[in-house]
Amino acid sequence: MLMFRTRMGRDWIIETLRKDQSPDGSWDYPFDTGISTDAYMIILLRTLEINDEDLIQGLCKRLLSKQEKNGAWKLFYDEGEGNVSATLEAYYALLYSGYYPKKDERLQAAKRFILAHGGLKEVSTFTKIMLAVTGQYQWPAFSPLPIEMILLPPIFPINFYSFSVFGRANITPIMILAAKKFSLKTAKSPDLSELSINRDEDEPWNWSNEWDSIISLIEDGIKSLIGLPDELHRIAIDRAKKYMLERIEPDGTFYSYYSCTFLMIFALLSLGYKKNDPVITNAVAGIKSMKCEINGLPHIQYTTANVWNTALIGYTLQSAGISQADPMVANANRYLLSRQHDKFGDWVIHNPYSLPGGWGFSNINTILPDVDDTTAALRSLARIVPPANTAWERGVSWALSMQNDDGGWPAFEKNTDSKLLEYLPLEKAEFLLMDPSCADLTGRTLEFFGNFTNIPRHHTAMKNGIKWLRKEQRSDGSWYGRWGICYIYGTWAAITGLIAIGLDGRDPAVQRAVNWLLSIQNMDGGWGESCRSDVLNKYIALGTSTLVHTAWALDALIAVSDHPTVEIQRGIRYLAASLDRRDWSMDYPKGQGMGGAFYIHYHSYRYIFPLLTLSHYHQKFET
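What this report covers is the structure whose coordinates are included nearby. Bear in mind the structure is a predicted one, so any value in this text is a computation, not a measurement.

1. A closer look at the overall build of the protein
Stage number 1. Scanning the protein from N- to C-terminus turns up 24 helices and seven strands.
Stage number 2. The C-alpha atoms of the protein give 24 Å as radius of gyration, which agrees with the globular expectation for 623 residues (25 Å, within 12%).
Stage number 3. Across its three principal axes, the protein shows a C-alpha extent of roughly 70 × 60 × 45 Å.
Stage number 4. Expressed as a percentage of contacts within the protein between residues at least 6 apart in sequence, the contacts between residues at least 24 apart total 74%.
Stage number 5. Here the protein displays about 23,800 Å² of accessible surface, and carbon together with sulfur accounts for 52% of that area.
Stage number 6. Here the protein holds 62 positive side-chain charges and 69 negative ones, and the gap between their average locations is 3 Å.

2. Here's the deal with the pattern of salt bridges
Opposite charge on two side chains permits pairing when their charged atoms draw close.
Stage number 1. Applying the stated criterion to the full structure yields 25 salt bridges.
Stage number 2. One salt bridge connects Arg-112 with Glu-105, and the closest N-O pair in it is separated by 2.8 Å.
Stage number 3. Here Arg-112 falls in the partly exposed class, since its relative accessible area comes to 47%.
Stage number 4. For Arg-234, the salt bridge identified is with Glu-231, shortest N-O distance 2.7 Å. Within this pair, Arg-234 and its partner Glu-231 are both found in helix α9 (residues 229–245), separated by three residues, close to a single helical turn.
Stage number 5. Salt bridges linked by common partners bring Arg-168, Lys-242, Glu-246, Arg-247, Asp-346 and Glu-413 together as one network.

3. Concerning the sheet that holds strand β7 (residues 598–602)
Stage number 1. Read across the sheet, three strands follow the order β1-β7-β6 without closing on themselves; strand pairing throughout is antiparallel. Strand pairing shows two members of the sheet lacking a second neighbour, β1 (31–32) and β6 (591–594), which therefore form its edges.
Stage number 2. Here β1 runs beside β7; their pairing, made up of two bridges, is antiparallel. Its bridge partner being in β7, Asp-32 is matched across the sheet by His-601.

4. Let's talk about the pairing of strand β2 (residues 291–294)
Stage number 1. On β2, burial follows the alternation: Cys-292 and Ile-294 on one face are buried, whereas Lys-291 and Glu-293 on the facing-out side are not.
Stage number 2. The turn joining β2 and strand β3 (residues 297–300), which pair antiparallel and follow one another in sequence, is formed by two residues; a positive phi near 55 degrees is taken by Asn-295.

5. Thoughts on the packing of aromatic side chains
Stage number 1. By the definition in use, this model includes 42 aromatic pairs.
Stage number 2. Relative to Trp-552, the ring of Tyr-489 lies with its centre 4.6 Å away and its plane at 55 degrees, an arrangement referred to as tilted. One end of the pair, Tyr-489, is in helix α19 (residues 487–500); the other, Trp-552, is in helix α22 (residues 547–560), and 63 residues separate them in sequence.
Stage number 3. The exposure class of Trp-552 is buried, given its relative accessible area of 0%.

6. Description of the nonpolar core
Stage number 1. In terms of nonpolar packing, the biggest core is built from 202 residues, with Tyr-255, Leu-317 and Phe-609 touching the most fellow members.
Stage number 2. Setting aside anything within four residues of it in sequence, one finds Tyr-255 in contact with Val-165, Ala-169, Tyr-243, Arg-247, Glu-249, Cys-260, Asp-346, Ile-367 and Leu-368.

7. Considering empty space enclosed by the protein
Stage number 1. A complete count under the given rule lists three cavities of 30 Å³ or more for this structure.
Stage number 2. Counted as a void, the second largest cavity has a volume near 50 Å³.
Stage number 3. Taken together, Leu-547, Val-548, Ser-585, Met-586, Tyr-588, Lys-590, His-601, Tyr-602, Tyr-605 and Arg-606 make up the lining of the second largest cavity.
Stage number 4. Counting residues per element, the ones that place at least two in the lining of the second largest cavity are α22, β7 and α24 (605–622).
Stage number 5. For the lining of the second largest cavity, a count of residues per class yields six nonpolar, two polar and two charged.

8. Looking at the side chain of Arg-62
Stage number 1. With respect to the helices, strands and loops of the structure, Arg-62 is situated in helix α3 (residues 53–65).
Stage number 2. By relative accessible area, Arg-62 is classed as buried at 2%.
Stage number 3. Engagement of the side chain of Arg-62 in a polar contact is seen with the backbone oxygen of Gly-34, the distance being 2.9 Å.
Stage number 4. Among all residues touching Arg-62, those that are not within four sequence positions of it are Asp-32, Gly-34, Ile-35, Asp-38, Ile-294, Leu-297, Pro-298 and His-299.

9. Considerations on the packing of α9 against helix α10 (residues 258–270)
Stage number 1. As a packed pair, α9 and α10 sit with axes 11 Å apart at the nearest point and diverge in direction by 140 degrees. Taken as axis vectors, α9 and α10 run oblique relative to one another. α9 and α10 meet at a crossing whose hand is left-handed. Contacts from Lys-241, Met-244 and Leu-245 of α9 reach α10 at Met-264, Ala-267 and Leu-268.

10. Quick word on unusual backbone geometry
Stage number 1. Here the bond from Ile-485 into Cys-486 is cis, since omega is -20 degrees, no more than 30 degrees from zero.
Stage number 2. For Asn-295, which is not glycine, the phi dihedral falls at a positive 55 degrees.
Stage number 3. Assessed through its relative accessible area of 76%, Asn-295 is described here as exposed.
Stage number 4. Although it is not a glycine, Asn-537 adopts a positive phi angle of roughly 60 degrees.
Stage number 5. Mapped onto the secondary structure, Asn-537 falls in the loop between α21 (532–536) and β5 (541–546).

11. Considering the environment of Ala-382
Stage number 1. Along the chain, Ala-382 falls in the loop between α14 (371–381) and α15 (390–401).
Stage number 2. The class for Ala-382 is partly exposed, based on a relative accessible area of 22%.
Stage number 3. Between the C-alpha atoms of Ala-382 and Ser-26, which are 356 residues apart in sequence, the distance is 17 Å.
Stage number 4. Setting aside anything within four residues of it in sequence, one finds Ala-382 in contact with Trp-392 and Phe-452.

12. Quick notes on the pairing of β7
Stage number 1. Among the five residues in β7, five count as buried, and that is most of the element.
Stage number 2. Across three bridges, the pairing between β6 and β7 is antiparallel. Each bridged residue has a counterpart across the sheet, and for Met-594 the counterpart in β7 is Phe-598.
Stage number 3. Taking the residues that link successive antiparallel strands as the turn, the β6-β7 hairpin has three residues, and the phi of Gly-596 there is positive, at about 85 degrees.

13. What to know about the environment of Pro-298
Stage number 1. Here Pro-298 is to be found in strand β3.
Stage number 2. Distance from Pro-298 to Asp-54, taken between C-alpha atoms, is 9.9 Å for residues 244 residues apart in sequence.
Stage number 3. In this structure Pro-298 touches Asp-38, Leu-55, Gly-58, Leu-59, Arg-62, Lys-291 and Cys-292, once residues within four positions along its chain are discounted.

14. Quick look at the side chain of Gln-301
Stage number 1. Structurally, the position occupied by Gln-301 is in the loop between β3 and α12 (306–319).
Stage number 2. Looking at Gln-301, the relative accessible area reads 5%, which means it is buried.
Stage number 3. A polar atom in the side chain of Gln-301 sits 2.8 Å from the backbone nitrogen of Phe-31.
Stage number 4. In this structure, Gln-301 is in contact with Tyr-29, Pro-30, Phe-31, Tyr-258, Met-290, Lys-291 and Cys-292, ignoring residues within four places of it in sequence.

15. Things to note about α22
A turn of α-helix holds 3.6 residues, and therefore any two residues three or four places apart point the same way.
Stage number 1. Here α22 contains 14 residues, and its C-alpha end-to-end distance of 20 Å stays within 8% of the 20 Å for a straight helix at 1.5 Å per residue.
Stage number 2. A large share of α22 lies buried, amounting to 13 of its 14 residues.

The rules behind each value
- Residues numbered from 1 in each chain as written.
- Predicted model: local features only at pLDDT ≥ 70, side-chain atom pairs only at ≥ 80, totals over all residues.
- Heavy atoms only, no water.
- Helix = DSSP H or I, 4+ residues; strand = E, 2+ residues; numbered from the N terminus.
- Rg over C-alpha atoms; globule rule 2.2 N^0.38 Å.
- Contact = heavy atoms within 4.5 Å.
- Areas by Shrake-Rupley, 256 points an atom, 1.4 Å probe, with all protein chains shown as cover.
- Lys, Arg positive; Asp, Glu negative; His and termini not counted.
- Charge placed at Lys NZ, Arg CZ, Asp CG, Glu CD.
- Salt bridge = Lys/Arg side-chain N within 4 Å of Asp/Glu carboxyl O.
- Buried < 20%, exposed > 50% of the residue type's maximum accessible area, 1.4 Å probe, protein only.
- Pairing = 2+ DSSP bridges.
- Phe/Tyr/Trp six-rings, centres within 6.5 Å; stacked < 30°, edge-to-face > 60°.
- Core = buried A, V, L, I, M, F, W, Y, C linked by side-chain atoms within 4.5 Å.
- 1 Å grid on protein atoms, 1.4 Å probe; cavity = no way out; pocket = protein on both sides within 12 Å on 5 of 7 lines; lining within 4 Å.
- Points joined across faces, edges and corners; volume = space filled by probe spheres on them.
- Nonpolar A, V, L, I, M, F, W, Y, C, P; charged D, E, K, R; others polar.
- Polar contact = N/O pair within 3.5 Å; in protein donor to acceptor, adjacent residues only side chain to side chain.
- Axes fitted to C-alpha atoms, helices over the stretch in contact; angles between N-to-C directions.
- Parallel < 35°, antiparallel > 145°, perpendicular 65-115°, else oblique.
- Left-handed = near helix turned anticlockwise from the far one by under 90°.
- Expected span 1.5 Å × (residues − 1).

Structure representation (structure tokens):
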């Protein structure tokens, strides 16, 4: 009976994926990041006086559909009463839309929540920046990051390229805006002053004593630059503008990300660009093109996830027995080959001896490859691309070259993990500004090299990766996953990577991890982890099982075990019986960009990881 149910489940997922594939061979399942981008889009359109009423009304409806009974908005189901930053953003957008007056009971409830939780003063720094550029909040008297720091040489302890690439993408327009103290209101701008509980506050930004010391260091470095202060300021502004304009993708977006494109638009306005300048209209068109539909309502995606979805699905389908000659797989792989990068990006700053060859995340990405997408694409291509093929060689070489000096792998750039950056007065600076080695990237990269390449297991890079994972294992046996939720994700990636690279299932590190996974299995046979794990920096059970967490945990156990244990069988029964489950747990975020602030619901994951796990179970124990 269990074999029949697992086979039926695999067949159902495969046919669903076949039906959902796009004509270009990709899968464009939504990259769902909640409501912030929807709120910011309304605010942007109103500020630019672009009257796209159908889109604005649709986004308003989506915002209201996500409001809690107490008037708040949440980042995830079990966050608590609500999130004050998300609630402020939604409240502001609904007011600015012009379709909902302040006396609307839903807005009144949101206002009560915001005031009860500290008002404007308590929202995130990023939200404060959005409020400042739209005339709703005070810029600080002194910039927390002087624009002139972009001129500091690479040998300086903190310089522009100390930041991660996604940190630079957001910090660059912020530095311009802060230097200009730019704000832009319109005739339709609402008045949010009643949300300021303490209007006499002199300094609206939260600075740490540590950052004051670092600012002094940066200022000393700036003083050492040759040139008059006004001239240095002008040169710095010009260099920051050039940095943005040189990294605009073909669709008009800055690095194909919503947040930095939003900020770039305002930064360009602060530099004298008109609202109808082609650079700005193209940027708006680019972020509009990232619109998708979820449950009949529009959602502005932070970026698209086509390459990531397609790479994972292409590999998973082949793992499930679908031939590389099947049109579904063949079209997916053609799409992936067309998206391999051939341009140098910022990654070359810290990795100057490698040629391009990676893959990026989004459909339009041409200059920002990452390690995880690269190995994911190569897994899908492995059965059709001979080892001598140039595309394969370039991809493998690039992924190998991206290993950090500490032995682990980052996402986007090598060796951008200065601990000094944690003190920047931005919440979650360690996520935004640093790109350190992480267990999920390191484990998945080792799994790729071990299972899909001829790189010897005693290769120095492989040994250093194993050493890094051993060092980073938590005392309870788990690993923290940087880009997923969270300890289950990291532990799955680490276990499967270590097994693929030659460690025995009886290795003490592997056994500790297995015992940890078994200790958190739910009574129904599944696994589930809360996003609160990221907030509290320790594993927090969700209280219910989810398909994706269960698939990750099971896949790790299957990789280690030589027979279907009782725990594995319980998990497989849960997985097979829950494939068509429809409740809040299916929409619960399984990915994150900034712990405690930015979470991702991948609509593709409910198909990818259950299918992969069921296929691995079938191959190992049912054939």
